[in-house]
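Coordinate inspection notes
Each chain, letter by letter, is given below.
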Amino acid sequence: MGSGHDSGQTARRAELGAFLRARRARLRPADVGLPEDGMPGRRRTAGLRREEVAELSGVGVTWYTWLEQGRNISASAQVIDALARALLLGPDHHRHLRDLAGLAAPDRRTPTDDVRPRLRRLVDAAAPNIASIYDGHFDYLAWNRPYALIRHDPDNFPPDRRNLLWMMFTDEKNRARMTRWEPAARAVLSQFRAMAGQRPDDARFADIVAGLTAESPEFREWWTEYPVRTFRPATIELDHPGAGRVELEMFQLRLVERPDLVMVVQVPVSDEVRRRITAMLETT
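The following refers to the structure shown. It should be emphasised that the depicted structure is a prediction, and the values quoted were computed from it without experimental measurement. Within each chain, residues carry numbers counting from 1 in the order of the written sequence. In keeping with the predicted nature of the model, local features appear solely for residues at pLDDT of at least 70, side-chain atom pairs appear and are counted solely at 80 or more, and the whole-chain, interface and lining totals rest on all residues. To obtain the side-chain values, all non-hydrogen atoms of the structure were included, while hydrogens and water were left out.

Digging into the overall build of the protein
Numbering of helices and strands starts at the N terminus; helices are DSSP runs of H or I of at least 4 residues and strands are runs of E of at least 2. Within the protein one finds 13 helices and five strands. Considering only C-alpha atoms, the protein reaches an extent of 85 × 40 × 40 Å along its principal axes. Burial here depends on accessible area, computed with a 1.4 Å probe over protein chains only, as a share of the maximum for the residue type. Under 20% is buried, over 50% is exposed, and the range in between is partly exposed. Scored against the burial criterion, the 284 residues of the protein give a buried share of 43%. Considering only intrachain contacts with a sequence separation of at least 6, the fraction spanning at least 24 residues in the protein is 51%. With an accessible surface of roughly 15400 Å², the protein has 50% of that area assigned to carbon and sulfur atoms. Charge assignment: positive for Lys and Arg, negative for Asp and Glu; neither His nor the chain ends contribute. To locate a charge, take atom NZ for lysine, CZ for arginine, CG for aspartate or CD for glutamate. Side chains of the protein give 43 positive and 40 negative charges; the mean places of these two sets differ by 5 Å. Note on definitions: a residue-residue contact is assigned when non-hydrogen atoms from the two residues lie within 4.5 Å. In these tables, accessible area is a Shrake-Rupley quantity obtained with a 1.4 Å probe, and a residue counts as shielded only by the protein chains included in the view.

Focus on the pairing of strand 4 (residues 244-254)
The sheet contact formed by strand 3 (residues 235-240) and strand 4 spans six bridges and is antiparallel. Counterpart to H240 in the pairing with strand 4 is G244. Hairpin geometry of strand 3 and strand 4 is characterised by an intervening segment of three residues between the two adjacent antiparallel strands. Strands are labelled as partners when DSSP assigns at least two bridges between them. Pairing between strand 4 and strand 5 (residues 262-268): seven bridges, direction antiparallel. By the bridge assignment for strand 5, M250 is matched with Q266.

What follows is the structure, given as structure tokens:
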């Protein structure tokens, strides 16, 4: 790596040390269950001592001192999380600590059922654009009326198949409407494969793969090719029986508070297409 990368890493390590020192200074021994010093004024350190943080988090004093000094040492997720507990960090500070350590954010997801009403309001507000939201397994969580009418209605699938992959590979109506089904299906499969590869022990991914391998010859063949790619901007074209020829530009968005969820917005490429979709929504 070049000097720019090295200087960036040095700056981040320095910021990590400053953050740890600041949070340590905010705590008193009593806050973490340690006895206070016997006489007022004996504690020269503001807040907790380094030795106390090291003891509470189960790491060596020298190693923790080096971490605060911004030295080039590695810290595992387990150790960083132990420091977060020792320093009584809330969710925002825990996330920031992990960011500074170069780690993924802690998994503090709100239960899906608790966010569904909020997600439904979001996709409904996107109309007449076609909008849906799915989770890391590509299971649908919310969709609006334009999505149900122009693409497909996930409610027509049983709950365990209410999934983007199941729609793409087994919904014959959707497949018939898409003028270029194969490139779109391959793209979705490649994104799904990339996600599944990150969680090889995930039972939900395994269920989806097993079901579609048995159900879809295309899925079965393409899965063995191990395609992997991230989302790329694209335009899809549909021959819809009610709205006619429809071209839609694809966008993917993520919620800051739930980056594991993906909102897909399909925007008509022209005012004429938008008018036809709007007219169909008003008469259906």
